[in-house]
Amino acid sequence: MTVSTGIWILIVLIGVLVGLTGGFFGARHYMQNYLKQNPPISEEMLRSMMMQMGQRPSEKKLHQMLNSMKAASKNDSK
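Residues numbered from 1 in each chain as written. Predicted model: local features only at pLDDT ≥ 70, side-chain atom pairs only at ≥ 80, totals over all residues. Heavy atoms only, no water.

(A) Examining the overall build of the protein more closely. Helix and strand counts for the protein stand at three helices and zero strands. Listed by position from the N terminus, the elements making up the protein come as α-α-α. The C-alpha radius of gyration computed for the protein amounts to 24 Å, which surpasses the reference 12 Å derived for 78 residues by more than 25%, pointing to a less compact arrangement than a globule. On the principal axes, the C-alpha backbone points of the protein span a range of 80 × 25 × 15 Å. Here the protein, with 78 residues, has 8% of them falling under the buried criterion. If you sum the accessible surface of the protein, you get close to 6,900 Å²; carbon and sulfur atoms cover 65% of it. (Helix = DSSP H or I, 4+ residues; strand = E, 2+ residues; numbered from the N terminus. Rg over C-alpha atoms; globule rule 2.2 N^0.38 Å. Buried < 20%, exposed > 50% of the residue type's maximum accessible area, 1.4 Å probe, protein only. Areas by Shrake-Rupley, 256 points an atom, 1.4 Å probe, with all protein chains shown as cover.)

In structure tokens:
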């Protein structure tokens, strides 16, 4: 029993599409769970870290540190 070349190409294309779709939704689900378990740093988290280090954080210093961390993450992603 032989299968024509056109059918093999169709089967491969369907397999690739199913794999890409499954991979996309799998990666999306993984990233949602990861961000839920490890949220990005917030102002409250930064304030508590600074207080644990013995610093008394002012609002100006908190915003400077948050902005510098955002700028550093943008530079890392490029």
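(B) Inspection of the UniProt feature "transmembrane region" (unreviewed entry) in the protein at higher detail. In this structure's numbering, the residues bearing the UniProt feature "transmembrane region" (unreviewed entry) are residues 6–27. End-to-end, the C-alpha atoms of residues 6–27 are 31 Å apart, and along that stretch the chain is 100% helix and 0% strand. (UniProt positions renumbered as here; feature names shortened; annotations may be inferred.)

(C) Layout of the packing of aromatic side chains. Summed over the entire model, instances satisfying the criterion amount to two aromatic pairs. Judged by centre distance (6.4 Å) and plane angle (25 degrees), the rings of Y30 and Y34 are stacked. Residue Y30 and its partner Y34 are both found in helix α1 (residues 5–37); the two are separated by four residues, about one turn of the helix. A relative accessible area of 38% places Y34 in the partly exposed class. (Phe/Tyr/Trp six-rings, centres within 6.5 Å; stacked < 30°, edge-to-face > 60°.)

(D) Broad picture of helix α2 (residues 43–52). Among all positions in α2, only L46, R47 and M50 are buried. One face of α2 carries all of its buried residues, which in axial projection span an arc of 100 degrees. Of the exposed residues in α2, the ones pointing more than 90 degrees away from its buried face are E44 and Q52. Looking one or two places after α2, you find G54, whose phi comes out positive at around 90 degrees. (Arc of directions from axis to C-beta.)

(E) Highlighting a nonpolar patch on the surface. Where nonpolar side chains cluster on the molecular surface, the patch consists of I41, M45, M49, M53 and M69 and spans about 430 Å² of accessible area. Mapping M45 onto the fold places it in helix α2. (Patch = residues over 30% accessible without salt bridge, like charges linked within 9 Å, V, L, I, M, F, W, Y side chains within 5 Å. Salt bridge = Lys/Arg side-chain N within 4 Å of Asp/Glu carboxyl O.)

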